[in-house]
Structures are given as structure tokens and as C-alpha cells.
Amino acid sequence: MHDLISITALGGTEPRIDDFGHVRIAENDGVALASVAARIGHEKTCRAVLKKLLGAVPGPGRAQLHDPEAGFCMGPDQWMLGAPKASHEMLADTLKDLLGNAASVTEQSGAWVCFDITGPAMRDMCERLCNVPIRQMIAGDVQRTVIHQLGCFVIRRKADDHIRVFGPRASAITLHHALITAAKSIA
Amino acid sequence: MNQINRVSGGQIDTGQSLKFTFDGRSFTGHPGDTLASALLANGVRLMGRSFKYHRPRGVLTAGSEEPNALVELRGGARQEPNTRATTTELYNGLLAKSQNRLGSLKFDLLSINDRFSNFLSAGFYYKTFMWPAAFWEKIYEPIIRNAAGLGSLSLKDDPDVYDKGFLHCDLLIIGAGPAGLAAALTAGRAGADVILADEDFRMGGRLNSETFALGDQSGADWSDATVAELSAMPNVRLMRRTTVIGAFDHGIYGAVERVSDHMHTPDADKPRQVLWRIYTKRTVLAAGAIERPIAFENNDRPGIMLASALRTYANRFAVAADKRVAIFTNNDDGHRTAADLHAKGIKIAAVVDVRPDAPRSVDYEVLQGEVVNTQGRLGLKFVDLRLADGSTRTLECGALGLSGGWNPNVHMTCHQRGRPTWDADIAAFVPGGELPPGMSVAGAANGNLSTAGALNGGVRATNAALKELGFKTKKPKLPQAEDAPVNLTPFWYVEGCNRAWLDQQNDVTVKDVKLSHQEGFRSVEHLKRYTTLGMATDQGKTSNMGGLAIMAELAGKTIPEVGTTIFRPPYTPTAIGVLAGRHTGQDFHPKRLTPSHKWATEQGAVFVEVGNWLRAQWFPRAGEVTWRQSVDREVLATRKSVGVCDVTTLGKIDVQGTDAAAFLNKVYCNGFAKLAVGKTRYGLMLREDGIAMDDGTAGRLAEDHFVVTTTTANALPIYRHMEFVRQCLFPDMDVQLISTTEAWAQYAVAGPNSRKLLEKIVDEDISNDAFPFMACMNTTVCGGLRARLFRISFSGELAYEIAVPTAYGDALMRKIMEVGAEFDVTPYGTEALGVMRIEKGHAAGNELNGTTTALNLGMGRMVSKAKDSIGSKLSEREGLNMPDALCQVGIKPIDPNDPVPAGAHLMNADGPVDAMHDQGYATSACFSPNLGHAIALGFLKDGANRMGEKMRLVSPLTGVDVNVEIVSAHFIDPEGERLRA
């Protein structure tokens, strides 16, 4: 067992939570991520494995929601899969074992920062952040969008007042600043 | 002064008083007032000076089309010039100043310009300042620039913040007058997602300004009730104080919401304004219409305003512009103003109507004739009439209402090159031609100038739009409303006038239009530019039609034949700040931080921006007072023992698939198909045209898995390029790409003791035999953390790059420093990195500068002839393979104290120094602490065959002229023994 201690995307030892009452912004450090891209000629096999794993294969603009994450579509025959980091830190290896040559799998846990935004003002805040039709989105809808010049995924979670934002980890502080600013702006 | 012109009624809260100042004088007004209405209530008619002639000006309108009443609002850093008093909502403590004056508003010294008006006519710039030519830049232009403009800027940073936002809806309704409210009721009740935006702080539009009833309610009460019903609908979003500024592509509209402009200062953390981008499926434009004035001599005195504005001030704001008012009209609407004002107890001096069949009144005199002139130095006192029977008469009055008909607000219908069409019935342009997709127009904006027409038009347009979207709608029960026809005789200006003002904002007169015609500027676009008619903050909303009508008459054309100029966004002046949003100062662009950023900050690192990345440039230590001292130490320590540098920023692209090797064989000019698993290879990518694009390494972790490394700057472009190649050029290849730049923290560990250091961390054997130069592997560190190890060297030393998942980057850096202490491990930054790569002769961005080829870089033989790769064929072009082609060389000064600056050019030791005899140029330069003098890399014609040649390195721009010697680009360890050790 190695002796290196990880830090969160915002640089802390514990995820940061900012609760404004009308909206709550919580850094989520508990999601392991791996990308899956079907290989040419193996698409059916890849989808079959994903369906067994997730319950369904998410189509464009959709996520298959479990807790804390399951998978969402990133492009043609490309998905991002998530699982609890505590139990699935080696998610990419696990998926590769399941998918074999049917797909290319790449570890993405370290590439993203994850924020859960909840609260009655979530929609108002979202409107100040990015170009997603937040009031029309239903549970499981995913939009690739831009927040403060950063490419992000916004996933509408099961609760009506909950979205999850995945953004580039190296810019976690910038993204967090944008979220905090928007939250204060609509207070 | 005590609101001497305040009358009864109105939609203001007289129970509360608001204090404000104008030009240092204190006044009071009420909630619901605008600055203009409050000033008029206090008897202030003079509100500004005109642009060119500094003539006294007062308010002309009661809306955003105002050309005259522009003020500097607020003070200090929040001072905003050219703010329309007619749309400025009054708040307690409001501070306003008049502008464009020298001295006081009443005694403006620059009003002398008015005396020289004969010299300042249209086009005077072009004629007056022609001679002598030398005077233009030093004398004329500074004077003109100084005189130009109206208000002044504070030149301080804007202390307020601005937001941007995004909204989506089924139906956007622009304007909340009768048509807009009826449209919103229809759509709201049908269940559509509706946005109703209005620039005013009170919805209702003209309903707030009129006295006629809607059913058994006043217009304002019906508006209030309707707004209340809409407010209760969750699917309707009411946006007051929101100006839709433009109709853009694909159903996107820009709208500026003035969140805090009606407050003294915005609340903490709250924006002053928000720029909304509204995505809508359909749009109903219900922007109303703007009344137009009539031109006659001296028609610009304070107190002369649109008749509809007089009505608005009286009915909505409970303000009489004066105790005694006259009306000049060519249509029935002017009479409506007279009736309303009379009902408020205001004396009507007379209604002057150009028509012989004008309505009569028992309450006041109606005269057939024209207003031919006015009197009054700082405000209207008398109007001179010429009556139909040829007699003349002078009326005493302090306000004159002008009604020349109404212009539908077609602005937004033309934002995508649509042109309006002429409606002779109302003598105005109406929406026509091709509207922006999904837009329909209702109410006065569509030429329906009655209230009933507006209500019905709003419903009709909405039903049609929603039907297309699949909604079931029904017509709401509309109240009985005024439906008077438009009785109008077109009348634009009074014959014989000269200094009759068309565009009061730009001081354009009837005479100027005549001059423009006389001098050949007859196209409407030329007319605009020659006279400035329709320019500046109001964009000619009250003036364009008059100018067109006169030009048409002069040119012997009809008005539609003359046509309009192009309408462009924004509809009203828009603060630059709201276009920038939050992207200012420190937040101008996002930051990218490496995993060791916190650690580097603790070490006192000096950071440099590399794209969005912040990279440690050097790590100063106590006693070091210049950057060179730090950098020299870092270089020497690394070459002596071991150094560590955060190279996370280098682009990392995961390439997988059964065709991964074949794919890389296409994108790299050198061969990759046979690269063994566990090996890394330097690769060069070419553009299609054969020019070098980027270099880096690719490590083969498995038969079907490579990791490509790019330069920091090109991480994104190369990924994009590779995706283009994958998706478009070779879609049949089984290859998948994804960026992993941020997924892995990566550190270069370089120097003779680098292996010894890493042996304390890496869990596997990394001896030279087990892990030789250019090896790579998946491994573990520190007892089990997954990692990747590459034996590659940018510094020329024995070196490795080690990568771990980003979350562990901080911990790994601290571990490296901890276990490396016994080797005096030294962190080094990008400056030392640069010095060492120059010493080693490695090309970087300065050399891969978009003009150089593999041949130039000394890598001509890397371009494989045994395969086809992108750029390989065009790299064989004759022009890129001349015998004297540039070749990368090293440059050192003959006198070791001399610099060898990058950018300087190589010239033969003997011979002229000019572009014709240019031999090459230095690309990268540094001081080499190992050699004790400056060194440089550069490109030299036929450089490979000119080793040892003495040349001159010159830069005429900076005065550099140094004697140098051409040497190998590999200043350190040219045989590469260190990195293979």
C-alpha cells in the first residue's frame, strides 16, 4: 500500500462545501471516472457490456444515473463511466477487463473536477453560468457546455434541484470561483 | 424649487419623496419618476447642450429614443456619460450633471459655435481642414477630437460587475404594451414557456400614457391586472428594465437587463446589468412605434417635444411641461394630447393643424396653419404661426407638442438584412421583406396604431406562432378598446426653413440635407455619413424619417425609393462592461494550475503564464536578487546532481485501437509502426504543406496503446488535428483518442543522480539495463500507486519523466523532494528548462515557428520515404529543399561578454548589412552557466557546412552588432553520452 495522500481538485484534504442557503455547491471527490470508446467492428459487444453494467446504454445527451455516477454519452460510441472512487479507484482496469478488445478504456479520474449544485435557486444559478436549457432538462439529461470559457458537462440528476458539473480539474479553482460568483449574484 | 409643474394623477408614488441633484442643485421627485419627468416637474426645461452648435436643449421624448436630454449620471468611478434622462429611473441620492458645455449650462461659452454655423455645416471636416496638409495631424485632428463627443469618462476602473446569462423559451415577446401583453396572455394561458421583456421599469407601454379605457378599466389598470395574472404563471418570465438589443442568428436574441441601475449602488456581489442570450423558438415583436416631430425654424428650443411625450408626462408622471402649451400636428393624435392636457387643467394656447379638416374643439382654439418659428433664449416662450389664410400670429407658451405621425419600430425586423416596406396609409415604413426566422410583428410595430388593433394583433401573431409549435391556443377575451383610424396628412417640414432641426443629437438641419443633395451625396447611406444624420446614441429614431422625406423630395423620388439605412444592433446604447461580463481583470481568462502549484507557491516560485497554465518560472532562494542567479543555480545543480520540474502541462493524448500504430505512422513523419512495446520515440508532425507543426514523444505502453506527448502550447491544436485525421482522413482506422493532459501529474527528474533518486520511489528495477534510454512502462511508485515512467530527456542529462494520477501529484512532488534531499535535489522552472534545452540544442516553439521544415531543423532524414505521412510529400517541394536552405546551428559570441539576442540576424563578417544579404537569424538565446557565456540557437543558410565560420549578429532596431562564431547546436554533450548513462 503506497503512502501518498491525494488531495482534492480544489487542493484540500477534504472536499469543499459552500452553502448559501438558496444554493449549495459541493465539491465531489468521490467519483472515479473512465472513458470508454467502442472499437470499430465491436460496437455491439461494447454496448452489450455497457447495458449489463449500467442497465441501459445512454444515448446522445443522456446519462444513466446511479449513485454516485454511472455513465453518460460523450460522443458517437463514446461514454464516460463513473463509480464510487472509494471502491472503484481502478475503474479503468476493471472496465478494460470486462470490455477487452471491444473498447478502448482510459482512466479519467484525475482529469475532472466534480461539483454538485443543489438548492431551490439551482436553475437561476445555472442560467448565469452556461447555455443549457436547465428548465427544460429532465433527470438524466446531459449537456456539454462552456462555463467561464471552460468545457464542462452538466448533468441533471434525479432530484429536481440538483445538477452535477464536471469541469477540467486543472481549472477547478477558476470553475469554483465562477460557481461561487453566480451563487452570490442570484442571492 | 418645489415641483411647480406637478399635476394630479399619474402612476407615481407621491407618498414618498426622493432627493436628487442636477448640476449641483437639489430637487425632489417621487418613486415612479424618471430623471426627465422629475426635472420637468421641478420646472427644469434646459437639460443639455447640442453636439455641434451647443444650442440649449431640453427633453424631446419620454423614452429611449431621446436625442437631447443626455446627462452624466452618478459620480466618481461610476460616472456614466450620455445617459438618457428619459429612461433613468429616479432613486434617492441620484446625481446628474449636464454635459458638453464650457461653463455653466445656461452660459455655455462654446455656444459661440452657433454664431459660426455657416462654417460648420455638413461636411465641414472634409472641406475646412484641407490646407495646409501638415496641420492635420498636429493641429486640426487634436482640436476636432477634443471637441467631439458629448459626456466625459471618469477614466477609472468600473467598480461594478456584470453578468451574462442564458435563457430558453418557446416564445419571446419584445415589448409589454397592449400587443405584447395580449400576446403574453395568449401564450401564457396556452402553457408555452414565455419571456416578456420590456425596456421600461413599468410594463404597459402606451397604456400607461393614455387616458382611454379598456373595457371598464383604465389602460394602466388593465395593464396592472394583466401583469398580475402573468406574474402568477410559472411558465411566464416577466423581464422589466430589459432591452432586447439585437436579433441574431438561429433564434438568438441579446437582451440587457438593468438589474441595479435604479439603485444608488448595486447590492454587494450583485451585478449592475446582465446580458442575456435568449434562445427562443418564436418571437413576437411588439416594440410599438415612435412619434416623429416636424421640422421648422428653431424647432429645438427646450419645451418643444413630441406631443405623445407631453401626454406621457402628464398622464403617467403627473407633470405638465408648462402651464401653457401649444400643439402642432398633422394628424388626430396631436388633438388627443390637447384634450388630455386640457383635462389636467393645463392651458392649451392653440392646436395648430396643417389640415383643413382638422377636428374642432370647444375647449381650445384649433388653427389651420404652420408653426414657422419660435422664440426664447434658454427655453420656449413664443411660437410664430403662419395660418392658412396667410396671416401670422404669435402664441405665448412654454411647451409645444409636435405630432408628425408615428413610425413603427421596425428596428429588430431588419437585423438580418431585412428591409421595411412603405405603408402609405400611415406614411411610414412597416415590417416587410424577410424577417428574422421565427419572428412575427404585432401592434404599433406592425403599423396597427390603435389599441384594439394592437391587442388583436398580439393575439393573432401569438396564435400563429404557437400553432407552428404544436400548442393549442384560444383567443383570450379582450376588453373593448379605442380603435380610432389614423387620420394623417404627411407633413415633414415647413417650407422656407433652413435651420430647422431634423437630428437634434447631431445638429443636422434641413439645410444640411439640402447641401448633401446639392453636393451629390444622395444615396441614403451617403446622406447619413455626410451629414451624420441618424448617428450616435439615438441612432436617428426621431430624425431619420424627416431626412429621408426631404431627400426624396429633393431627388424627385418617393420615400420608399430613397429607402432606409441599415438597422444594426444594439437597439439602444449598451455598456461595454456588460458585453465583457465577468471576464475582466484576474478573471479575464481561466487559470490552469498544475498539481504541484500549491507546493511551488510554498517554495516562493515565480510563475509565468503559458496559455492558461501557470508554470513555475524559477524558485528564488534567500540571497538571490536577480532571476539569473536563481536560474543559473537551478541549471548547474541539475547538471551536477538532480533537478525536478513539473511538466504536467505538456499535452498527453491517449491513442488506442488496433490501428493505433498505423495511425501514428500517418501523423508523424517518422516511423512508428515498428516501435516496440515499452519504448518511446521522438516524433515530428508536419502540416499538410510540409512545414513542421509540433514535436514530442510517443510511448508504446501496449500493442494497441500509445501515449503521445505534445508541447504545452500545442496540446489542444494537436489533439484537434489528430481528431480531424481520425474522423475525416482515416475514418476506417480503428483508433480512439482522448486527452489525458490533466489526468496525470508528470515530473521531469533530470541529472546524473536522477536514477538514484527514482530508485527510492519506483517499485521496479530501473537500472540502465532494465530500463534503458527511451524506455517506458506502466509501473507503481511508493509501494503501489499506479504510475507511468518514461526515460526521456529534454535537458540532455540522464533523465526520466514520471507520471501519477493528478490527485497524487502534490504528494509525489513532496516525496521526490524528501527522498532527493540527500542528492540536493533542486526544483527548476521553465527558465532553467529553457536554458538546458538550448544548451542541448533541442528545438522548441521558437524553432518550430510555422516557417521551418524538418530539413531546417536538421531532421530532414527523419521524414520517412518508406511510408506516406501527412506533409511528407509536400516537404519534398523544391522551394523547401534549396541547397542553401536554412539549417539549425549554434551561435556563440567571439567575445564571451557579448550577448547573442534572439531575433537578431546573421550577416557575413564582411559585406553589407541589409535584407538582401541576410544569412539567417537567432531563434532562442540564453546565458549558459555551464559555458560561462551567452549562447543561441538559430537558422543559417547552408548552416551544416558553415561550422566555425565567423559572422556578425546584428539587429539594427536594437543596435546589436556582435561578432559570433557558428557552432554545433549541441553545446552540451553532443554525443549524447549523459542521457544514455
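Now for a quick tour of the structure. These numbers come from a predicted model, not from an experiment.

**Here we look at the overall build of chain B**
Looking only at helices and strands, one finds 20 helices and 49 strands in chain B. Taken over the C-alpha trace, chain B has a radius of gyration of 38 Å; the compact-globule value for 981 residues is 30 Å, which it surpasses by more than 25%. When contacts within chain B are restricted to residue pairs at least 6 apart in sequence, long-range pairs at least 24 apart make up 66% of them. Roughly 38500 Å² of accessible area belongs to chain B as shown, and the carbon and sulfur atoms make up 53% of that amount.

**Some thoughts on the interface of chain B and chain A**
Each partner contributes to the interface: chain B provides 55 residues, whereas chain A provides 48 residues. Regarding the contact of chain B and chain A, the summed buried area is about 4200 Å², with carbon and sulfur atoms giving 50% of it. The tally of links from chain B across to chain A stands at six salt bridges. A salt bridge links arginine 39 of chain A to aspartate 704 of chain B; the nearest nitrogen and oxygen atoms lie 2.8 Å apart. One can count 35 residue pairs in polar contact (both at pLDDT 80 or more) joining chain B with chain A. With six residues, strand β8 (residues 162-174) of chain B is the largest single contributor of residues to the side of chain B that touches chain A. Looking at the side of chain B that touches chain A, its residues break down into 22 nonpolar, 13 polar and 20 charged.

**Things to note about the pairing of strand β6 (residues 80-84) of chain B**
Residues and elements named next belong to chain B. In this sheet, β6 lies alongside strand β5 (residues 70-73) in antiparallel orientation, the contact comprising three bridges. Residue pairing in the sheet places leucine 73 in a bridge with glutamate 80 of β6. Remark: six residues form the turn of the hairpin made by β5 and β6, two consecutive strands paired antiparallel; arginine 74 in that turn has positive phi of roughly 65 degrees.

**Points about the sheet that holds strand β37 (residues 705-710) of chain B**
Residue and element names in this part refer to chain B. Read across the sheet, five strands follow the order β35-β36-β37-β34-β38 without closing on themselves; strand pairing throughout is antiparallel. Pairing within the sheet leaves two strands with one partner each, and these edge strands are β35 (680-686) and β38 (736-739). Taking the axes of each pair of neighbouring strands and ignoring which way they run, one obtains an average angle of 25 degrees across the sheet. The sheet contacts of helix α17 (residues 715-729) involve β34 (651-656), β35, β36 (692-702), β37 and β38, and relative to β38 the element is tilted by about 165 degrees.

**A word on the pairing of strand β40 (residues 776-781) of chain B**
Residue and element names in this part refer to chain B. Relative to strand β41 (residues 785-790), β40 is paired through six bridges, and the arrangement is antiparallel. Across the sheet, residue methionine 777 finds its bridge partner in β41, namely leucine 789. Between the antiparallel neighbours β40 and β41 lie three residues, among them cysteine 782 with a positive phi of about 55 degrees.

**What to know about the nonpolar core**
Residues and elements named next belong to chain B. Of all hydrophobic cores here, the largest spans 49 residues; its most connected members are Leu35 and Tyr313. In terms of residue count, the dominant contributor to this core is helix α1 (residues 35-41) (six residues). The residues contacting tyrosine 313, other than those within four sequence positions of it, are Ala36, Ser37, Leu40, Val59, Thr61, Ala62, Thr86, Met305, Ala318 and Val319. Within the second largest apolar cluster, 37 residues are counted, among which are Ile766, Cys782, Leu785 and Val825.

**A look at the sheet that holds strand β49 (residues 960-967) of chain B**
Residue and element names in this part refer to chain B. With respect to topology, six strands assemble into a closed barrel ordered β44-β47-β46-β45-β48-β49, the strand pairing being antiparallel. Averaged over all neighbouring strand pairs, the angle between strand axes comes to 45 degrees, with direction disregarded. Of the pairings in the sheet, the one linking strand β45 (residues 905-908) to strand β46 (residues 920-928) comprises two bridges and is antiparallel in character. By the bridge assignment for β46, leucine 906 is matched with glycine 920. Helix-sheet contacts for helix α20 (residues 830-840) involve β46 and β47 (933-941), and the interaxial angle to β46 is about 120 degrees.

**Description of unusual backbone geometry**
Residues and elements named next belong to chain B. Residues proline 569 and proline 570 are joined by a peptide bond in cis, for which omega reads 0 degrees. Take proline 570: it is sitting in the loop between α12 (559-562) and α13 (576-580). Not every positive phi belongs to a glycine, and aspartate 23 is a case in point at roughly 50 degrees. Note that aspartate 23 resides in the loop between β1 (18-22) and β2 (25-29). Here aspartate 23 falls in the partly exposed class, since its relative accessible area comes to 28%. In this structure, arginine 241 is a non-glycine residue whose phi angle is positive, near 50 degrees.

**Structural notes on a nonpolar patch on the surface**
A contiguous nonpolar patch, built from Leu102, Leu109 and Leu110 of chain B and spanning about 280 Å² of accessible area, is present on the exposed surface. In this fold, leucine 102 of chain B is placed in the loop between β7 (94-97) and α2 (124-128).

**Some details on the environment of threonine 558 of chain B**
Note that threonine 558 of chain B resides in the loop between α11 (544-555) and α12. Taking the C-alpha atoms as reference points, threonine 558 of chain B and leucine 979 of chain B, separated by 421 residues in sequence, lie 85 Å from one another.

**With respect to the packing of aromatic side chains**
By convention here, two paired aromatic rings are described through the distance between centres and the angle between planes. Counting across every chain of the model gives 16 aromatic pairs over all chains. Following the ring pairs from residue to residue traces out a cluster consisting of Phe72, Trp112, Phe153 and Phe166 of chain A. Across the ring face of tryptophan 501 of chain B, the terminal group of arginine 57 of chain B is positioned such that the distance to the ring centre comes to 5.2 Å. Sitting above the plane of the phenylalanine 927 of chain B ring, arginine 628 of chain B keeps its charged end 3.8 Å from the centroid.

Quick notes on the rules
Residues numbered from 1 in each chain as written. Chains lettered and ligands numbered in written order. Predicted model: local features only at pLDDT ≥ 70, side-chain atom pairs only at ≥ 80, totals over all residues. Heavy atoms only, no water. Helix = DSSP H or I, 4+ residues; strand = E, 2+ residues; numbered from the N terminus. Rg over C-alpha atoms; globule rule 2.2 N^0.38 Å. Contact = heavy atoms within 4.5 Å. Areas by Shrake-Rupley, 256 points an atom, 1.4 Å probe, with all protein chains shown as cover. Buried area = accessible area lost by both parts, 1.4 Å probe. Salt bridge = Lys/Arg side-chain N within 4 Å of Asp/Glu carboxyl O. Polar contact = N/O pair within 3.5 Å; in protein donor to acceptor, adjacent residues only side chain to side chain. Nonpolar A, V, L, I, M, F, W, Y, C, P; charged D, E, K, R; others polar. Pairing = 2+ DSSP bridges. Axes fitted to C-alpha atoms, helices over the stretch in contact; angles between N-to-C directions. Core = buried A, V, L, I, M, F, W, Y, C linked by side-chain atoms within 4.5 Å. Buried < 20%, exposed > 50% of the residue type's maximum accessible area, 1.4 Å probe, protein only. Patch = residues over 30% accessible without salt bridge, like charges linked within 9 Å, V, L, I, M, F, W, Y side chains within 5 Å. Phe/Tyr/Trp six-rings, centres within 6.5 Å; stacked < 30°, edge-to-face > 60°. Lys NZ or Arg CZ within 6 Å of the ring centre and 35° of its normal.

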